[in-house]
Amino acid sequence: AQSVAQPEDQVNVAEGNPLTVKCTYSVSGNPYLFWYVQYPNRGLQFLLKYITGDNLVKGSYGFEAEFNKSQTSFHLKKPSALVSDSALYFCAVRDRQGYSTLTFGKGTMLLVSP
Amino acid sequence: EAGVAQSPRYKIIEKRQSVAFWCNPISGHATLYWYQQILGQGPKLLIQFQNNGVVDDSQLPKDRFSAERLKGVDSTLKIQPAKLEDSAVYLCASRPFSGGRNEQFFGPGTRLTVL
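Position numbers for residues start from 1 in each chain and track the written sequence from start to end. Labels follow written order: the first chain is A, the first ligand is 1, and so on. Selection of residues for local features in this predicted model requires a pLDDT of at least 70, selection of side-chain atom pairs for listing and counting requires 80 or more, and totals for whole chains, interfaces and linings are taken over all residues. To get the side-chain values, all heavy atoms of the structure are used, and hydrogens and water are removed first.

Starting at the N terminus, helices and strands are each numbered in turn, a helix being any DSSP run of H or I of at least four residues and a strand any DSSP run of E of at least two. Counting its secondary structure elements, chain B contains zero helices and eleven strands. Along chain B, from the amino end to the carboxyl end, the secondary structure elements read β-β-β-β-β-β-β-β-β-β-β. Taking 2.2 N^0.38 as the reference for a compact globule, 115 residues should give roughly 13 Å; the C-alpha atoms of chain B span a radius of gyration of 13 Å, in line with that estimate. When the backbone C-alpha atoms are referred to their principal axes, chain B occupies close to 40 × 25 × 25 Å. Across chain B, contacts joining residues at least 24 apart in sequence account for 53% of those joining residues at least 6 apart. Here the open area of atoms and residues is found with the Shrake-Rupley method and a 1.4 Å probe, where only the protein chains shown may cover a residue. Within the structure as shown, chain B displays about 5500 Å² of accessible surface, and the carbon and sulfur contribution to it stands at 51%. Each radius of gyration reported is based on C-alpha atoms, and the globular scaling rule is 2.2 Å times the count of residues to the power 0.38. Contacts are assigned to residue pairs that have any heavy atoms within 4.5 Å of one another.

Below, the structure written as structure tokens:
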């Protein structure tokens, strides 16, 4: 069975500082990996994905993530945080077989202080 | 391009009552999902449709939950009878192709409170 771990319930960072939101996964075979963001009372919004190729993936709003196969990690990063980045972030994984489903982590709340 | 539409946005019911949620996916999207998101947790898949056929409903509590997608477009999710533990946000998502490399597009969700 596939699974995702987001070890931090909350990440606090000052505006202008770099941020990292951690994600590790477990899946049979090679994964598809995704990051979504959720603002209050809104649905999930796609940020970026890793499918194949370059391990560093760039996405929306200046976010990027690095796929590390040996560590089974897909950490979300941004060089300079904005207050408006404060939201709930979800990592998700699925394997590459047929109709396998997407499994989400429990989410990490990112709080960026002015 | 219009996004995934859901209604109602909020619903409050008493336990043992029934409730239904509606979802209209993005036009042309063949795959439709219903998720349950309990406070403090990530979304959990309830059911996945490919056109109007069910692909995966292994986590759907079939004694009380049902879902349909007539004509392969709109979908409804029903709970009958509701329990207190069904209080959650119900998210609908769609995707254009069955290939797993494509991301899902989520609606705003329906927040259900069962009293």
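Here we come to the pairing of strand S12 (residues 108-113) of chain A. Residue and element names in this part refer to chain A. Exposure categories follow from relative accessible area, calculated using a 1.4 Å probe and restricted to protein chains: below 20% of the type maximum is buried, above 50% is exposed, and the middle band is partly exposed. Residues of S12 alternate between two faces, with Thr108, Leu110 and Val112 buried on one and Met109, Leu111 and Ser113 left unburied on the opposite face. Should DSSP find at least two bridges between two strands, the strands are regarded as paired. In this structure, strand S2 (residues 10-14) lies alongside S12, joined through five bridges in parallel fashion. The partner of Asn12 across the bridge, within S12, is Leu111. Summarising the sheet, strand S10 (residues 87-95) and S12 pair through three bridges and their orientation is antiparallel. What sits directly across from Tyr89, in S12, is Thr108.

Residue and element names in this part refer to chain B. Following the sequence through the fold, Lys15 ends up in the loop between strand S2 (10-13) and strand S3 (19-24). Of the residues examined, Lys15 reaches a relative accessible area of 39% and is grouped as partly exposed. For the pair Lys15 and Asp57, spaced 42 residues apart in sequence, the C-alpha separation works out to 24 Å. Once you skip the residues sitting within four places of it in the chain, Lys15 turns out to touch Ala82, Leu84, Val114 and Leu115.

Taken by themselves, the reported measurements are silent on function.
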